[in-house]
Amino acid sequence: MLGICRGRRKFLAASLTVLCIPAITWLYLFAGSFEDGKPVSLSPLESQPHSPRYAAAGQREHESLEVRVREVEEENRALRRQLSLAQGRAPAHRRGNHNKTYSMEEGTGDSENLRAGIVAGNSSECGQQPVVEKCETIHVAIVCAGYNASRDVVTLVKSVLFHRRNPLHFHLIADSIAEQILATLFQTWMVPAVRVDFYNADELKSEVSWIPNKHYSGIYGLMKLVLTKTLPANLERVIVLDTDITFATDIAELWAVFHKFKGQQVLGLVENQSDWYLGNLWKNHRPWPALGRGYNTGVILLLLDKLRKMKWEQMWRLTAERELMGMLSTSLADQDIFNAVIKQNPFLVYQLPCFWNVQLSDHTRSEQCYRDVSDLKLQKQLSELDEDDLCYEFRRERFTVHRTHLYFLHYEYEPASDNTDVTLVAQLSMDRLQMLEAICKHWEGPISLALYLSDAEAQQFLRYAQGSEVLMSRHNVAYHIVYKEGQFYPVNLLRNVAMKHVGTPYMFLSDIDFLPMYGLYEYLRKSIIQLDLASTKKAMIVPAFETLRYRLSFPKSKAELLSMLDMGTLFTFRYHVWTKGHAPTNFAKWRTATTPYRVEWEADFEPYVVVRRDCPEYDRRFVGFGWNKVAHIMELDAQEYEFIVLPNAYMIHMPHAPSFDITKFRSNKQYRICLKTLKEEFQQDMSRRYGFAALKYLTAENNS
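Please read all numbers here as calculations on a predicted model, not as lab measurements. (Residues numbered from 1 in each chain as written. Predicted model: local features only at pLDDT ≥ 70, side-chain atom pairs only at ≥ 80, totals over all residues. Heavy atoms only, no water.)

Draft legend 1. Focus on the overall build of the protein chain. Along the backbone of the protein chain there are 22 helices and 26 strands. Per-residue burial for the protein chain yields a buried fraction of 55% across its 704 residues. A total of about 32200 Å² of accessible surface is found on the protein chain, and carbon and sulfur atoms cover 51% of it. (Helix = DSSP H or I, 4+ residues; strand = E, 2+ residues; numbered from the N terminus. Buried < 20%, exposed > 50% of the residue type's maximum accessible area, 1.4 Å probe, protein only. Areas by Shrake-Rupley, 256 points an atom, 1.4 Å probe, with all protein chains shown as cover.)

Okay, structure coming up:
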């Protein structure tokens, strides 16, 4: 809401409308001896909030009751028919492609944690609430720019989805950052009966940039003025919302208010609940002209077709030009201009009840509509799986789509101009959050993280990050939220999400429980030049070590690390339980090496590497614990990457409680059987893709 204290969350509260229809809510059938006096409930005939209850006063003949039930049902059907005939019905809007469109007519979507705080008002207009066709599309326009606004939009959309019964079409006027984030979010969310179109906000700047604006929303706070030009010409009406809105009712109830517009009313607005436009907040306070208390533009109903006929563009521009001669700038962005126009043309406004825009900071499904099909490609893939297969859940995970919110926090970074810049890539869940500050202290370069969280955990993470001076001081850390779905930890999907949104030419593929040596970022950039990674297929290996101590005096040099190895304070990584994973690094040679050296791939090799951004993705069939990195290194080897060990680089694994997935792996025999099956299938796929060259992987596995 562009109000005096717009930045805080507002609730939209709906009327609890009472339809004045004499209907039976429940029928009670008394049976047997009636000694307990308790009625037996039949199913509801018509669910209406204040409908009378009819109860049998004593024992009646069963046949008589059935006759009465049929009579009442027929009466209700007749009344509903009369009501439907008496109320207007608006046609659903249809439109072609405009700018970028993301349709989510298919998919199962996500229903977790869509609840918002509820504030409810009352309406005395009994029986006069117009009906919205249950399959009528409701159009919503939102101006959204930047990282923070995209988070607010998610909260708004969730609240709308929780209550809605109609198909929705969101029209998002967004900058490039918000479009990238929200396009991915909606594509991965796959909510049924939701369509999203994007309109380039940067192309609209010239339309409003001539208006000086003191409001923190800047130029984007003025863009609601040009919606008649921006939105499709065949779109007749739209609900316009600020990003800091939360719905507490079905948005169809607000959409139905369009039917109440009369005459030349083209704007539906709630009266401003602050004293801003009264001009008495402080001495010499001089607001823009407004009708009485003015109107708040956080929620607007726009009759676009009539506004265009009235030449809205010309109307608001002439008003703004005239008022700016004396006011010099707007204080509340578009709200000032809307109010100045309304002051001159009060007949334009239909005043919405205040509960449609409760300005808290001012103190004062219809299954028939939603096609019951998922994405056809996904459905085909799942249908090819055998549900009786004991490894079905593992196989299914490969095709699961996870709702993804890119750049959950503000991100700002320009890669170094010398084309040697490298981003640390990792993934984590809530139980590894404590590693973030330490990694930021060890690695000054850019970081791309994928976090596997529930909706509630995402909010906990937000509070954690905002309370951390270390994290808030870093703008080159990209946090991408992948929301929980299914029973396995999708480790390789998370890695792929983090990799896909790396903005530097090179990536350091790490894990969240490792601390890189101090100065590793600069050392890697020098090594990239030295080894000519730009024109050769190389994977630079950063040797991995581990400590069993929760408190460690981190070695500041290779010499200090070697001393700690000799004393038993450090070990080569997984030396005790999985030597094969890092044995090919050849730690004995590394101890004395002063120049990079090449090593050969061996079975089960899983080093941490620095590669070009265009390297292969991780294989998604591997979830939870086991073989997720091994398969990726095998793929690099199959594509003829050279493995080069860096002589003066190292990273140290910090101790932590075992993950849920490794516990399942160790305790569940079927888990281990399925992992072995997936390994064999992966190797067969490698043979098909790489032919004779891939036979060595089968041979190495059989000999290991």
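Draft legend 2. Summary view of a negative patch on the surface. A contiguous patch of negative charge, built from Asp386, Glu387, Asp388 and Glu393, is present on the exposed surface. Following the sequence through the fold, Asp388 ends up in the loop between α10 (376–383) and α11 (392–397). Residue class for Asp388 comes out exposed when judged on its relative accessible area of 70%. (Patch = residues over 30% accessible without salt bridge, like charges linked within 9 Å, V, L, I, M, F, W, Y side chains within 5 Å. Salt bridge = Lys/Arg side-chain N within 4 Å of Asp/Glu carboxyl O. Lys, Arg positive; Asp, Glu negative; His and termini not counted. Charge placed at Lys NZ, Arg CZ, Asp CG, Glu CD.)

Draft legend 3. Highlighting the pattern of salt bridges. Taken as a whole, this structure holds 30 salt bridges when the rule is applied. Note that Lys676 and Glu680 form a salt bridge whose closest N and O atoms lie 2.7 Å from each other. In this pair, Lys676 and Glu680 both sit in helix α21 (residues 669–690), four residues apart, roughly one turn of the helix. Assessed through its relative accessible area of 34%, Glu680 is described here as partly exposed. Salt bridges linked by common partners bring Glu207, Lys229, Glu313 and Arg317 together as one network.

Draft legend 4. Broad picture of the sheet that holds strand β23 (residues 597–599). In space, the nine strands of this open sheet follow the order β14-β17-β16-β15-β18-β24-β20-β25-β23, with mixed pairing throughout. Looking at strand neighbours, the two that pair on one side only are β14 (404–405) and β23, the edges of this open sheet. Note: strand β16 (residues 447–453) against strand β17 (residues 477–483), seven bridges, orientation parallel. Following the sheet pairing, Leu453 is matched in β17 by Tyr483. In this fold helix α16 (residues 520–530) packs onto β15 (422–429), β18 (506–509), β20 (538–542) and β24 (608–612), with an angle of close to 150° to the strand it touches most, β20. (Pairing = 2+ DSSP bridges. Contact = heavy atoms within 4.5 Å. Axes fitted to C-alpha atoms, helices over the stretch in contact; angles between N-to-C directions.)

Draft legend 5. Region of the structure containing the state of the cysteines. Evaluation of the coordinates by the stated rule reveals one disulfide. Here Cys391 engages in a disulfide with Cys674; their sulfurs sit 2.1 Å apart. Because the sign of the S-S torsion sets the handedness, a value of about -95° for the bond joining Cys391 and Cys674 places this disulfide among the left-handed ones. Placement of the pair is Cys391 in the loop between α10 and α11 and Cys674 in helix α21, with a sequence separation of 283 residues. (Disulfide = S-S within 2.5 Å.)

Draft legend 6. Broad picture of the packing of helix α19 (residues 628–638) against α21. Axis separation between α19 and α21 bottoms out at 12 Å; the angle between their running directions is 15°. Compared by their axis directions, α19 and α21 come out roughly parallel. By crossing handedness, the relation of α19 to α21 is classed as right-handed. Residues Ala631, Met634, Glu635 and Ala638 of α19 pack against Phe682, Gln683, Met686, Arg689 and Tyr690 of α21. (Parallel < 35°, antiparallel > 145°, perpendicular 65-115°, else oblique. Left-handed = near helix turned anticlockwise from the far one by under 90°.)

Draft legend 7. Summary view of the packing of helix α2 (residues 146–163) against helix α3 (residues 176–189). For the pair α2 and α3, the least separation of the axes is 9 Å and the interaxial angle reads 30°. Considering only the axes of α2 and α3, their crossing is right-handed. Of the residues in α3, those in contact with Gly146, Tyr147, Ser150, Val153, Val154, Val157, Lys158 and Leu161 of α2 are Ile177, Ala178, Ile181, Leu182, Leu185, Phe186 and Trp189. Looking at the contact of α2 with α3 residue by residue, the classes come out as 12 nonpolar, two polar and one charged. (Nonpolar A, V, L, I, M, F, W, Y, C, P; charged D, E, K, R; others polar.)

Draft legend 8. Focus on the sheet that holds strand β26 (residues 651–653). Sheet architecture is open: four strands sit in the order β19-β26-β21-β22, paired in mixed fashion. Since the sheet does not close on itself, it has two edges, and those belong to β19 (514–516) and β22 (571–572), each with one partner. When β19 meets β26, the two strands line up antiparallel, connected through three bridges. For Phe514, the partnering residue across the bridge sits in β26 and is His653.

Draft legend 9. The arrangement of helix α12 (residues 435–442) in detail. Those residues of α12 lying buried are Met435, Leu436, Ile439, Cys440 and His442. Viewed along the axis of α12, the buried residues span an arc of 165°, placing them on a single side of the element. In this structure, the buried side of α12 is in contact with β15, β16, α13 (455–466), α14 (469–472), β17 and β19. (Arc of directions from axis to C-beta.)

Draft legend 10. Spotlight on a nonpolar patch on the surface. Taken together, the side chains of Phe692, Leu695 and Leu698 define a hydrophobic patch exposed on the protein surface, amounting to about 310 Å² of accessible area. Summarising the element assignment, Phe692 is placed in the loop between α21 and α22 (695–703).

Draft legend 11. Structural context of α16. Taken together, the buried positions of α16 are occupied by Leu520, Tyr521, Tyr523, Leu524, Arg525, Ser527 and Ile528. Here the buried face of α16 lies against β15, β18, β19, β20 and β24. Positive phi shows up at Asp532, right after α16, with a value of about 55°.

Draft legend 12. Region of interest: the nonpolar core. Judged by nonpolar contacts, the single largest core of 116 residues is most densely connected at Leu449, Phe461, Tyr479, Phe508 and Leu524. Every residue in contact with Tyr479, bar those within four places of it in the chain, is listed here: His405, Leu406, Tyr407, Phe408, Leu409, Leu436, Leu449, Leu451, Phe461 and Leu471. Listed in part, the 89 residues of the second largest apolar core include Phe247, Trp288, Ile300 and Leu304. (Core = buried A, V, L, I, M, F, W, Y, C linked by side-chain atoms within 4.5 Å.)

Draft legend 13. The arrangement of the confidence of the model for the protein chain in detail. For the protein chain, mean pLDDT is 80; residues scoring 70 or higher make up 77% of the total. Of all helices and strands in the protein chain, the one with the weakest mean pLDDT is strand β2 (residues 27–29) (28), whereas β18 scores best (98). Here residues 14–62 scores under 50 on pLDDT; set against residues more than four positions off or in separate chains, the count is 76 contacts. Considering only residues more than four positions removed or in separate chains, one finds that residues 362–374, a stretch of pLDDT under 50, has 29 contacts. (pLDDT = per-residue confidence, 0-100.)

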